[in-house]
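Overview (structure and organization)
This is what each chain is made of:
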Amino acid sequence: MAAAPANPRTGSLKAQLPPCYYEGYLEKRGAKEKVARRLWTCLCGNTLYFFNNSKDTNYVEKLDLSGFVSLIDDPSRDRNLEAARLNLRMKDGEIKLTAPNLEARELWKGFLYSVVDLAVPTTLTLLPGQLHMLKEVVEKEKMRRKARASSRAPSSPLSLPLVGEIPACFRPVSRTEAEVLLERHPDCGNMLLRPGRDGSSLAVTTRQDLNGSVFRHYRVTQKQQGGYIIDVENPIPCPTLHDVINALVEKTAGTLQPFILEEPYEENITFVSSNDENGERTLHCAPTGPLSRAPSLPPKQVGTDRWSLRSQTRSPSSSPRSFSPSGSPSNSMRRLVLSPSPLSQSLTDELKQKLEKRRTSQE
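Just so we're clear, the structure is a prediction, and the values are computed from it rather than from any experiment.

Turning next to the confidence of the model for the protein. In this model, the protein carries a mean pLDDT of 79, and residues with pLDDT of at least 70 account for 75%. Overall, residues 304-339 carries pLDDT values under 50, and its contacts beyond four positions in sequence, including any with other chains, amount to 17 contacts.

This paragraph deals with the nonpolar core. Generally speaking, soluble globular proteins have nonpolar side chains that are buried together. In terms of nonpolar packing, the biggest core is built from 27 residues, with Leu 43, Leu 48, Leu 63, Leu 65, Leu 88 and Phe 111 touching the most fellow members. Looking at this core, the elements with two or more residues in it are strand S2 (20-29), strand S3 (37-44), strand S4 (47-51), strand S6 (68-74), strand S7 (84-90), strand S8 (93-99), helix H1 (102-117) and helix H2 (128-152). The element contributing the most residues to this core is H1, with 6 residues. Filtering out sequence-adjacent residues up to four positions away, Leu 88 remains in contact with Leu 48, Leu 63, Leu 65, Phe 68, Ser 70, Leu 71, Gly 93, Glu 94, Ile 95 and Leu 97. Of all hydrophobic cores here, the second largest spans 19 residues; its members include Met 191, Tyr 228, Cys 238 and Leu 248.

Attention now moves to the side chain of Asn 46. Summarising the element assignment, Asn 46 is placed in the loop between S3 and S4. Among the residues examined, Asn 46 registers a relative accessible area of 16% and is labelled buried. Within the structure, Asn 46 has its side chain in polar contact with the side chain of Arg 144 (distance 3.3 Å). Once residues lying within four places of it in the same chain are set aside, the contact partners of Asn 46 are Leu 63, Asp 64, Leu 65, Val 115, Glu 141, Arg 144 and Arg 145.

Turning our eyes to something else, we now look at the packing of aromatic side chains. All chains considered together, the criterion is met by 6 aromatic pairs. An angle of 65° between the planes, with centres 5.0 Å apart, marks the rings of Tyr 49 and Tyr 59 as edge-to-face. Linking Tyr 49 in strand S4 with Tyr 59 in the loop between S4 and strand S5 (61-64), this pair joins segments that are 10 residues apart in sequence. Both residues of the pair, Tyr 49 and Tyr 59, count as buried. Note on Phe 68 and Tyr 113: the rings are 6.0 Å apart at their centroids and 80° apart in plane angle, and the pair reads as edge-to-face. Remark: Tyr 113 occurs in helix H1 and Phe 68 occurs in strand S6; sequence separation between them is 45 residues. By the ring-pair criterion, three or more aromatic residues cluster together here, those being Tyr 22, Trp 108 and Phe 111. Above the face of the Phe 50 ring, Lys 28 is positioned so that its terminal group lies 5.6 Å from the ring centre.

Spatially, 5 strands are ordered S9-S10-S11-S12-S13 in an open sheet, and the strand pairing comes out antiparallel. This sheet does not close on itself; its edge strands, each paired only once, are strand S9 (191-195) and strand S13 (236-238). For this sheet the average axis-to-axis angle between neighbouring strands, irrespective of direction, equals 25°. By the bridge criterion, 3 bridges tie strand S12 (residues 228-230) to S13 in an arrangement that is antiparallel.

In this section: H1. Between its first and last C-alpha atoms H1 spans 22 Å; for 16 residues at 1.5 Å apiece the expected length is 22 Å, and the two agree. Along H1, the positions that sit buried rather than exposed are Ala 104, Arg 105, Glu 106, Leu 107, Trp 108, Lys 109, Gly 110, Phe 111, Leu 112, Ser 114 and Val 115. Of the residues that open H1, the one with a side-chain oxygen 3.3 Å from the backbone nitrogen of Glu 103 is Asn 101.

Turning our attention to the pattern of salt bridges. Evaluated as defined, the whole model comprises 12 salt bridges. As a salt-bridge pair, Arg 89 and Glu 94 come within 3.3 Å of each other at their nearest N and O atoms.

Another point: the side chain of Arg 194. With respect to the helices and strands, the residue Arg 194 is situated in strand S9. Buried charge Arg 194 goes without a salt bridge, the closest partner of opposite sign being Glu 179 at 7.0 Å. A polar atom in the side chain of Arg 194 sits 3.3 Å from the side chain of His 217. Beyond its immediate sequence surroundings of up to four residues, Arg 194 is in contact with Phe 170, Arg 171, Val 173, Ser 174, Arg 175, Ala 178, Leu 202, Ala 203, Thr 205 and His 217.

A word on the pairing of S4. Sheet faces and side chains relate simply in a regular strand, where the side chains alternate between the two faces. Here S4 lies mainly inside the structure; 5 of its 5 residues are buried. Side chains Thr 47, Tyr 49 and Phe 51 of S4 all project onto a buried face; the interleaved residues Leu 48 and Phe 50 project onto the opposite face, where all are buried too. In this sheet, S4 lies alongside S3 in antiparallel orientation, the contact comprising 5 bridges. Its bridge partner lying in S4, Thr 41 is registered against Phe 50. Taken together, the 4 bridges between S4 and S5 define a ladder with antiparallel strand orientation. When the bridges of S5 are listed, Tyr 49 appears paired with Lys 62.

Cut-offs and rules
- Within any chain, residue numbers begin from 1 and follow the written order of that chain's sequence.
- A pLDDT threshold of at least 70 governs which residues receive local features in this predicted model, and a stricter bar of 80 or more applies before side-chain atom pairs are shown or counted, although totals over entire chains, interfaces and linings include all residues.
- Heavy atoms from the whole structure form the basis of all side-chain values; hydrogens and water molecules are not counted.
- Each residue gets a pLDDT score, which is the predictor's confidence in that residue and runs from 0 to 100.
- Pairs of residues are marked as contacts when any of their non-hydrogen atoms sit within 4.5 Å.
- Remark: nonpolar core denotes a set of buried residues (Ala, Val, Leu, Ile, Met, Phe, Trp, Tyr, Cys) joined through side-chain atoms within 4.5 Å.
- For every residue, the accessible area (1.4 Å probe, protein chains only) is compared with the maximum for its type, and the residue is labelled buried under 20%, exposed over 50%, or partly exposed between those bounds.
- Strands here mean DSSP runs of E at least two residues long; helices mean DSSP runs of H or I at least four residues long; both are numbered from the N terminus.
- Nitrogen and oxygen atoms within 3.5 Å of one another constitute a polar contact, given that in protein one can donate a hydrogen and the other can accept it, and given that sequence-neighbouring residues count only through two side-chain atoms.
- Within 6.5 Å between ring centres, the rings of Phe, Tyr and Trp (the latter by its six-membered ring) count as paired, and their orientation is classed by plane angle as stacked under 30 degrees, edge-to-face over 60, tilted in between.
- The criterion for a charge sitting over a ring is simple: Lys NZ or Arg CZ within 6 Å of the ring centre, and within 35 degrees of the ring normal.
- Only strands that DSSP links by at least two bridges are regarded as paired with each other.
- Between the N-to-C directions of two axes lies an angle of 0 to 180 degrees, each axis being a line fitted to C-alpha atoms and, for a helix, fitted only over the stretch in contact.
- Every helix has an expected span of 1.5 Å times one less than the residues it contains.
- The rule for a salt bridge is simple: a side-chain nitrogen of Lys or Arg has to be within 4 Å of a carboxyl oxygen of Asp or Glu.
- A residue counts as positive if it is Lys or Arg and as negative if it is Asp or Glu; His and the chain ends are not included.

Encoded structure:
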């Protein structure tokens, strides 16, 4: 990967770079360069910045390490016997670097691996103090990337309404996928609603024919107080997403129509079964006739028969507490069976007999 040349700027550009973890002189030769150049190299964040000397404030080249593949020692000899070479392989090229000595090469390898892998390498020959430096670099780089990701995240993420309030032309696709859908199915409509690229807005993609396909994309933002706005030169406020689609249809006199793609559905129920003898699996179609229902059981009789059976099994001399005519359900059939008149008469006769026996015993 060739290092990107920097645009000449004025001012202290170094102060605007990410934090510098390590710096020193390296000889650098890219894939298309015939001669190596000795440059002051700074590892800032996960990027190498190259300066003509240590006092320069404007870098001349930079190399983003996001395309890092490997870092290999180069055993070939340099004219400077103390120098140590290494090959930095990127996704789209290889860069040859030369450190002043073996110790400097090990340190550069340690810092580069720490930033790329976000972990302290364990295969290098380094002193305890140097390993401690690498551990601090890993923690700082993790914090830097976390802060950068949070600053790039949308402040107010998109919250879609309920399913019933989302237009039928909404498709969870990207910009390119939306264009492909509209071009592949021109008879289904020429306008669809989709999520925006930033994650905090929506977008409307349209397609029309003018010596070929002409695509247009319109941003739809969500207002904090509710509703939406079509972000054009003269913004169009809309209470709901359905109003967004209707507004575009009206503004174009019906030229734009919502994209409604009818999904195919099966007409018959099919299932796969295997043959017990040869294990062959076959696709079968379920029968289309009405379902066969099992014979229903006769309903249980909960009324008169149950209470009649109870009254037949109970003897007339049963305790009065076994009957509760006042608390029984107001069912006419039950009142007929549990008539209080014979019961009260039998109780009265029984009470009289007991009183007579008690009086006789006392005499």
